[in-house]
Amino acid sequence: MDADTYEVLYQKNADEQRSIASTTKILPSVIACESGRLSETVTVTWDMVNTHGSLLGLREGDQITLYDLVAGMLLPSGNDAANAAAIFLAGSLEDFSALMNEKARSLGMEASYFVTPSGLDEGDHHSTARDMALLTAYAVKNSDFSEIFAMSSYEVTINGEKQMIYNHNRLLQELEGCTGGKTGFTDKAGRCLVSTAQRNGNTLVCVTLGAPDDWNDHKKLYEECFAKYESCTFTDTIAVPAVGGTKNEINCAYSAELHVLNKNLVTVELYAFPFVYCPVSAGDKLGKAVIKYKEKEIFVADITAQENAEYHYAESK
């Protein structure tokens with residue numbers, strides 16, 4: 001899925017409801033990143049660490065920031081970190097589950113239902129490949145989330161002491177342009193992987209659920225799907241009326257080189273000043289060109305003056 005336009009480049013069983021294991025942690029991570037509380041310190045309670053599976057290694061009484069809990073969720077896939085963030089933000093795992101489902105509905109994830117923040121199989125916890133792609137395309141637009149999502153390693157601070165953690169996502173080292181990913185595994189879900197990659201200004205999201213050869217599947221899918229884009233140059237010139245100067249209008253232009261799936265689906269909307277006061281210098285920004293793909297904004301280019309126009313001094317009599 002193109003993360004900007006949400007256009008699907010390849011799909012197979014995209015709407016089949018499945019267990020998603022720890023790829024679940026993308027949702028609580030972005031909720032935490034949007035909370036405005038990342039710098040706050042969390043005091044770890046027994047309820048937060050009363051879990052199993054992959055762990056950050058928290059103990060009751062530990063102190064750690066919410067930011068570091070997000071890193072603990074996304075890199076080593078700590079179930080304790082997920083529970084700690086959930087209880088800190090909502091008071092209980094049950095209340096945080098309701099928050100997760102509310103967020104999912106707001107993103108159009110109509111085929112998903114979340115029971116746990118960790119992704120451990122419980123109740124009717126499930127999603128689909130399409131819904132997880134929608135979630136990830138949304139999540140990577142958050143600067144804090146995308147920063148952590150792309151980390152190969154990171155030093156969390158627990159009780160004032162540094163501890164190095166490492167990302168389970170091999171694609172960060174093995175795939176050109178990989179910008180993040182989240183692994184997951186349970187016996188019920190099998191191997192699950194959500195990843196993102198960027199080339200030529202385009203970001204793609206790849207989701208596989210229950211795929212035994214997921215690393216190679218993602219590499220192959222990215223190569224095939226990035227190859228579907230074509231390079232296109234968009235450029236035009238316009239004249240903006242000028243007053244009080246040596247010229248009556250200013251020649252302006254914009255230019256942008258983008259990679260798109262179908263250039264015939266690109267439209268450009270121009271917004272420029274109705275007039276400008278002189279003096280004007282070449283390079284001055286006098287408007288913007290909004291470039292859209294399927295009516296969704298994908299790029300904004302400056303409309304700039306291509307010439308100088310001096311102020312005209314009227315002679316006094």
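Parameters at a glance
Residues numbered from 1 in each chain as written. Predicted model: local features only at pLDDT ≥ 70, side-chain atom pairs only at ≥ 80, totals over all residues. Heavy atoms only, no water. Axes fitted to C-alpha atoms, helices over the stretch in contact; angles between N-to-C directions. Helix = DSSP H or I, 4+ residues; strand = E, 2+ residues; numbered from the N terminus. Parallel < 35°, antiparallel > 145°, perpendicular 65-115°, else oblique. Contact = heavy atoms within 4.5 Å. Nonpolar A, V, L, I, M, F, W, Y, C, P; charged D, E, K, R; others polar. Patch = residues over 30% accessible without salt bridge, like charges linked within 9 Å, V, L, I, M, F, W, Y side chains within 5 Å. Areas by Shrake-Rupley, 256 points an atom, 1.4 Å probe, with all protein chains shown as cover. Salt bridge = Lys/Arg side-chain N within 4 Å of Asp/Glu carboxyl O. Buried < 20%, exposed > 50% of the residue type's maximum accessible area, 1.4 Å probe, protein only. Pairing = 2+ DSSP bridges. Core = buried A, V, L, I, M, F, W, Y, C linked by side-chain atoms within 4.5 Å. Polar contact = N/O pair within 3.5 Å; in protein donor to acceptor, adjacent residues only side chain to side chain.

Q: So, the packing of helix α1 (residues 26-33) against helix α5 (residues 93-106): which residues are in play, and what are the values?
A: Two elements in contact, α1 and α5, have axes whose closest approach is 10 Å; the angle formed by their N-to-C orientations is 90°. The pairing of α1 with α5 is recorded here as roughly perpendicular in orientation. Residues Leu27, Pro28 and Ile31 of α1 lie in contact with α5, whose contacting residues are Phe96, Leu99, Met100 and Lys103. Looking at the contact of α1 with α5, its residues break down into six nonpolar, no polar and one charged.

Q: Now, about a nonpolar patch on the surface: what can you tell me, with residues and values included?
A: A cluster of nonpolar side chains, namely Val243, Phe275 and Tyr277, defines an oily patch on the protein surface of about 310 Å² accessible area. Tracing the sequence through the fold places Phe275 in the loop between β10 (266-272) and β11 (276-277). Residue classification places Phe275 among the partly exposed residues on the basis of a relative accessible area of 39%.

Q: Tell me about the pairing of strand β8 (residues 230-243), residues and numbers included.
A: For β8 and strand β9 (residues 249-260), the ladder comprises twelve bridges, and the chain directions are antiparallel. Looking at β9, one finds that Thr235 is bridged to Ser255. What sits between β8 and β9 in their antiparallel hairpin is a turn of five residues, with Gly244 showing a positive phi close to 75°. Alignment of β8 against β11, held across two bridges, turns out to be parallel. Looking at the pairing, Val243 lines up with Tyr277 of β11.

Q: Describe the environment of Ser92, with residues and values.
A: Positionally, Ser92 belongs in the loop between α4 (79-90) and α5. Judged by its relative accessible area of 18%, Ser92 falls in the buried class. If near-sequence neighbours (up to four positions away) are discounted, Ser92 is found in contact with Ala86 and Ile87.

Q: How would you sum up helix α6 (residues 129-139)? Please name residues and give values.
A: The element α6 is largely enclosed, with a buried count of nine among its eleven residues. Where α6 is concerned, the buried positions are Ala129, Asp131, Met132, Ala133, Leu134, Leu135, Thr136, Ala137 and Ala139. Those residues of α6 that are buried are in contact with α1, α7 (143-149), β6 (190-199) and β7 (202-209).

Q: Which residues make up the packing of α4 against α5, and what values go with them?
A: A pair of packed helices can be characterised by two numbers: the angle between their axes and the separation between those axes. Packing of α4 against α5 leaves a shortest axis separation of 8 Å and a crossing angle of 85°. Relative to α5, α4 is oriented roughly perpendicular. Contacts between α4 and α5 involve Asn83, Ala86, Ile87, Leu89 and Ala90 on the former and, on the latter, Leu93, Asp95 and Phe96. Per-class residue counts for the contact of α4 with α5 are six nonpolar, one polar and one charged.

Q: For the nonpolar core, give the residues involved together with the corresponding values.
A: The biggest cluster of nonpolar side chains holds 61 residues, and the ones touching the most others in it are Leu58, Leu66, Leu69 and Phe145. The element contributing the most residues to this core is α4, with eight residues. Not counting residues within four places of it along the chain, the set of residues in contact with Leu69 comprises Val42, Leu58, Ile64, Ala81, Ala84 and Ala85.

Q: I'd love a proper account of the sheet that holds β10, names of residues and values included.
A: The six strands lie next to each other as β10-β12-β13-β9-β8-β11, forming an open sheet whose pairing is mixed. Here the strands that pair on one side only, and so sit at the sheet edges, are β10 and β11.

Q: Help me get a handle on the environment of Ser112, residues and values and all.
A: Within the secondary structure, Ser112 is located in the loop between α5 and α6. With a relative accessible area of 4%, Ser112 lands in the buried category. When the C-alpha atoms of Ser112 and Phe226 are compared, they prove to be 28 Å apart, with 114 residues separating the residues in sequence. For Ser112, the residues in contact, after removing those within four places along its chain, are Asn101, Arg105, His126, Ser127, Thr128 and Asp131. A polar side-chain atom of Ser112 sits 2.6 Å from a polar atom in the side chain of Ser127.

Q: Can you explain the sheet that holds strand β5 (residues 178-186)? Please cite residues and give values.
A: In spatial order, the strands read β5-β6-β7; together these three strands make up an open sheet with antiparallel pairing. The sheet terminates laterally at β5 and β7, the two strands that pair on one side only. In this sheet, neighbouring strand axes are inclined to one another by 5° on average, regardless of whether the strands run parallel or antiparallel.

Q: Summarise α1; cite the residues concerned and give the values.
A: Counting buried positions along α1 yields eight of eight residues, so the element is predominantly enclosed. Every buried residue of α1 is listed here: Ile26, Leu27, Pro28, Ser29, Val30, Ile31, Ala32 and Cys33.

Q: Give a description of the pattern of salt bridges that names residues and reports values.
A: Within this structure, the stated rule accounts for 13 salt bridges. In this structure, the salt-bridge partner of Glu16 is Arg18, at a minimum N-O distance of 2.8 Å. Residue class for Glu16 comes out partly exposed when judged on its relative accessible area of 35%.

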